[in-house]
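# Topology and contacts: notes
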Amino acid sequence: MNSVVNKQVQQVTKVFTDLSWHEISQHFFSRLLLIVVTLLLFCVLLWLGRLIIDHLFVESNHVKFLQSSNRVATIHALTLNIYRYTCYFFLLYAILSEIGVPVGTLIAGAGIFSIALGLGAQGFVSDMVTGFFILLEQQLDVGDVVKVDSIKGTVTALGLRTTQITSSDGTLNYIPNRNITTVQNFSRNNMVANVDIRISAKAPLEKIAEIISEENKKLVANIPELRSTPVIVGPVNVGGQLVFRVTITTQNGFQDKIASHFLSDYLKALRKNKIPLGWVNEPSPSQNS
């Protein structure tokens, strides 16, 4: 029994003794050096490609259909993503080839694995196709204020797989492109905002309209974001509360700020003229009837 064990130990020792450790170390370090050179070349190509793409998009300001800064930012980010993913793919292919992995044989003999991978990647492909059509149809651009389902915020990134929307409270939402079905975009057209002033049922409506008209003349001249003269709608019942409504049309993104500014000036003018306001809970005309 001991002789058999000794013989096996001698065979193993002979195998390790016959190995050319010098050649193995040379082969290892040559492969390692090749991988390091490949990584350095990849970094240079990534940096150079990013530099060229950035320069091209700076020059794209002269292209008519890319005049929108949001549109340029969207296509710019998407182009960088595509270039980066392409570089990563070729880097992986090069490293596997350098360490002796037969990548071509693996791809050719993938067979059932490729089918399973294709079935599993259906969602990924759907994301990419949907993202392409979102970009092509200009549904979204970086910087747009949108609402997708129940999520409302500013589009911060539009990628191949996901769209990133930052909510007003700072929450960053990642939405798979295939889940984007209905989009409400608040950044394309002029926006209409209602300025509602709660008034008393005994308030003189004609006097209120006169005061608001005078205030509008002062405000319109100082607010360039207005797109039309404010429209005095008059008394409206909103949720059981009597309000005097004025509608304003503004450049998108400014409607809330301008509506607040108008409301503040209206209230100051109405209080100055001692118009009874209805900020205290009281029955409206509909409730009295």
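First, a word on scope: everything that follows refers to the structure included in this document. A quick note: this is a predicted structure, and the numbers were derived from the prediction, not measured. (Residues numbered from 1 in each chain as written. Predicted model: local features only at pLDDT ≥ 70, side-chain atom pairs only at ≥ 80, totals over all residues. Heavy atoms only, no water.)

## Concerning the overall build of the protein chain
- The helix and strand inventory of the protein chain stands at nine helices and eight strands.
- Classification of the 289 residues of the protein chain by burial places 29% in the buried group.
- Nonlocal contacts in the protein chain, meaning residues at least 24 apart in sequence, comprise 62% of its contacts between residues at least 6 apart.
- When the accessible surface of the protein chain is split by element, carbon and sulfur atoms take 62% of a total near 18,900 Å². (Helix = DSSP H or I, 4+ residues; strand = E, 2+ residues; numbered from the N terminus. Buried < 20%, exposed > 50% of the residue type's maximum accessible area, 1.4 Å probe, protein only. Contact = heavy atoms within 4.5 Å. Areas by Shrake-Rupley, 256 points an atom, 1.4 Å probe, with all protein chains shown as cover.)

## Quick look at the sheet that holds strand β2 (residues 151-158)
- One open sheet accounts for five strands, arranged β4-β3-β2-β1-β5; its pairing is antiparallel. For this open sheet the edge positions go to β4 (172-176) and β5 (183-185), each flanked by a neighbour on one side alone. Strand-to-strand, the axes of this sheet are offset by a mean angle of 40°, without reference to chain direction.
- Judged from the five bridges that link them, strand β3 (residues 162-166) and β4 form a sheet pairing that is antiparallel. Paired with Q164 across the two strands is Y174, which belongs to β4. (Pairing = 2+ DSSP bridges. Axes fitted to C-alpha atoms, helices over the stretch in contact; angles between N-to-C directions.)

## Looking at the nonpolar core
- The biggest cluster of nonpolar side chains holds 24 residues, and the ones touching the most others in it are I197, I199, I208, I248, F262 and Y266.
- Top contributing element to this core by residue count: helix α8 (residues 255-272), with seven residues.
- Among residues more than four places away in sequence, those in contact with I199 are L205, I208, Q241, L242, V243, F244, P276, L277 and G278. (Core = buried A, V, L, I, M, F, W, Y, C linked by side-chain atoms within 4.5 Å.)

## Some remarks on the sheet that holds strand β7 (residues 231-238)
- An order of β6-β8-β7 is seen for the three strands of this open sheet, with the pairing classed as antiparallel. Either end of the sheet is taken by a strand with one partner, and the two such strands are β6 (191-198) and β7. The average angle at which neighbouring strand axes cross in this sheet is 35°, direction not considered.
- As judged from the seven bridges shared by β7 and strand β8 (residues 241-250), these two strands associate in the antiparallel manner. For V236, the partnering residue across the bridge sits in β8 and is V243.

## Considering the packing of helix α7 (residues 205-220) against α8
- At a closest axis distance of 10 Å, the pairing of α7 and α8 adopts a crossing angle of 130°. Judged by the inter-axis angle, α7 sits oblique to α8. Considering the relative orientation of α7 and α8, their crossing is right-handed. Facing I208, I211, I212, E215, N216 and L219 of α7, the residues of α8 in contact are H261, F262, D265, Y266, A269 and L270.
- A breakdown of the residues in the contact of α7 with α8 according to their chemical character gives eight nonpolar, two polar and two charged. (Parallel < 35°, antiparallel > 145°, perpendicular 65-115°, else oblique. Left-handed = near helix turned anticlockwise from the far one by under 90°. Nonpolar A, V, L, I, M, F, W, Y, C, P; charged D, E, K, R; others polar.)

## Re the pattern of salt bridges
- Tallying each qualifying case throughout the model produces three salt bridges.
- The residue R245 makes a salt bridge to D196 at a minimum N-O spacing of 2.8 Å. Placement of the pair is R245 in strand β8 and D196 in strand β6, with a sequence separation of 49 residues.
- Among the residues examined, R245 registers a relative accessible area of 18% and is labelled buried. (Salt bridge = Lys/Arg side-chain N within 4 Å of Asp/Glu carboxyl O.)

## Here's the deal with the pairing of β6
- Residues M191, A193, V195 and I197 of β6 are buried on one face, while the alternating residues V192, N194, D196 and R198, pointing to the opposite face, are not.
- The pairing of β6 with β8 spans eight bridges and is classified as antiparallel. Paired with V192 across the bridge in β8 is T249.

## Focus on the pairing of β3
- With four bridges connecting them, β2 and β3 associate as antiparallel partners. What sits directly across from V155, in β3, is I165.
- If you look at the hairpin formed by β2 and β3, you'll find three residues sitting between the two strands.
- The antiparallel pairing of β3 with β4 creates a hairpin that spans five residues between the two strands, and G170 there sits at a positive phi of about 95°.

## Points about a nonpolar patch on the surface
- A grouping of F124, V125, M128, V129, F132, F133 and L136 is seen on the molecular surface, where their side chains present a nonpolar patch of about 640 Å² in accessible area.
- With respect to the element layout, M128 can be found in helix α6 (residues 122-136). (Patch = residues over 30% accessible without salt bridge, like charges linked within 9 Å, V, L, I, M, F, W, Y side chains within 5 Å.)

## Observations regarding the environment of D196
- Look at D196 and you get partly exposed, because its relative accessible area is 23%.
- Distance from D196 to L242, taken between C-alpha atoms, is 9.3 Å for residues 46 residues apart in sequence.
- Of the polar contacts made by the side chain of D196, one reaches the side chain of R245; its length is 2.8 Å. (Polar contact = N/O pair within 3.5 Å; in protein donor to acceptor, adjacent residues only side chain to side chain.)

## Brief notes about the environment of Y174
- Within the secondary structure, Y174 is located in strand β4.
- Distance in space between the C-alpha atoms of Y174 and T162 is 6.2 Å, their sequence separation being twelve residues.
- Not counting the four nearest positions on each side in its chain, Y174 is found in contact with T162, T163 and Q164.

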